Amino acid sequence: MKILYFFILATSLLVVLSGSLTETLSAEPNSQTRIIGGQPAVDTQFPYQVRLTVYGFLVSSFLLIGWCGGAIINEEWTLTAAHCITRDPNPLPYVVVYVYVEAGSVIANQARQKTSVPIQNIFVHPDYDSSTRDSDIALLKTKPFDLGTAYVKAIKLPSYSTDRDKYAGWTATVAGFGVTVNSMTASPSNRMNFIQLTVITRAACEAEYSTVIETKAICAEDLTPPKSTICNYDSGGALAVVESGETTVIGTVSFIYAGECDGSAQSFAYIPELVNWITGIMNSN
């Protein structure tokens, strides 16, 4: 059985100089390259999508931990992946201090709205398992975003369901600032890009992975070559469908298989099965 490759934060891209941090964001060398096989997004196209920059401590050094995606689900709450903001001994044991959230722009560092979220306002699903990525979601309680603009909007949460084949065959969209080439050393994109995938059945996903998937997750894939795919730094972004005329989040980017961004099945935390926890946290905090 092959090993699952998770969308870990890329600590290999950290640069620490004399106790301060340097952010090594780089512009794309070719403006036509994209989230692998995808297309460049335009402002207002994905107004719920945010870019997260995670800061924390590694041993005694304060530094940039990495980048992820997320989705605004109401004016004070953003949904992302648990593995984006939790301590994980692989590859390095870091401690998250706060998350910087950018909204309202498809260009990195040009957010129309932005805020910082301290660790006490970060809620990780209690069933999250870093080894299997079960329940791979977290919530960030932010200062209120202004949702009365076309550039920043919330995405709808789905109804509760444990049927992981409910959306099989549906077309879904993922946007993010992830790498645009299949390389572990590539920097995140400075522009938001997007791809369209087809949600596949649990059985099809397990057949492709050659293993039983016991986590609260679903899979999606580009079924038409050349295949587009999510990749590093897209973690936490929304897998979105149009349901009853409304854009709805049914997954968050969690992991791919076998260590390659090659277009094979991609796995997402299944939000319909986790939505009761989400609404419970929002209602009680």
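In this report, we go over the structure that sits alongside the text. (Residues numbered from 1 in each chain as written. Predicted model: local features only at pLDDT ≥ 70, side-chain atom pairs only at ≥ 80, totals over all residues. Heavy atoms only, no water.)

To continue, consider the overall build of the chain. A count of helices and strands for the chain gives two helices and 17 strands. Restricting to contacts in the chain with at least 6 residues of sequence separation, those with at least 24 account for 71%. Of the roughly 11600 Å² that the chain leaves accessible, carbon and sulfur atoms contribute 52%. (Helix = DSSP H or I, 4+ residues; strand = E, 2+ residues; numbered from the N terminus. Contact = heavy atoms within 4.5 Å. Areas by Shrake-Rupley, 256 points an atom, 1.4 Å probe, with all protein chains shown as cover.)

Moving on: unusual backbone geometry. Residue P226 follows P225 across a cis peptide bond; omega there is -5 degrees. Within the secondary structure layout, P226 lies in the loop between β14 (217-221) and β15 (238-243). Backbone geometry at T44 places phi at a positive 80 degrees, although glycine is not the residue there. Along the polypeptide, T44 turns up in the loop between β4 (39-40) and β5 (49-58). Unlike most non-glycine residues, S244 shows phi in positive territory, near 55 degrees.

Summed over all chains, the structure comprises three disulfides. Note that C205 is cross-linked by a disulfide to C219, the S-S spacing being 1.9 Å. Residues C205 and C219 are joined by a disulfide whose S-S torsion is about -50 degrees; by sign, that bridge is left-handed. With C205 in helix α1 (residues 202-209) and C219 in strand β14, this residue pair connects regions lying 14 residues apart in the sequence. In this structure, C205 and C219 share a single accessibility class: buried. Between C231 and C261 runs a disulfide, and the two sulfur atoms are separated by 1.9 Å. Handedness of the C231-C261 disulfide follows from its S-S torsion of about 75 degrees: it is right-handed. Here C231 is found in the loop between β14 and β15, whereas its partner C261 is found in the loop between β16 (246-257) and β17 (266-270), with 30 residues between them in sequence. (Disulfide = S-S within 2.5 Å. Buried < 20%, exposed > 50% of the residue type's maximum accessible area, 1.4 Å probe, protein only.)

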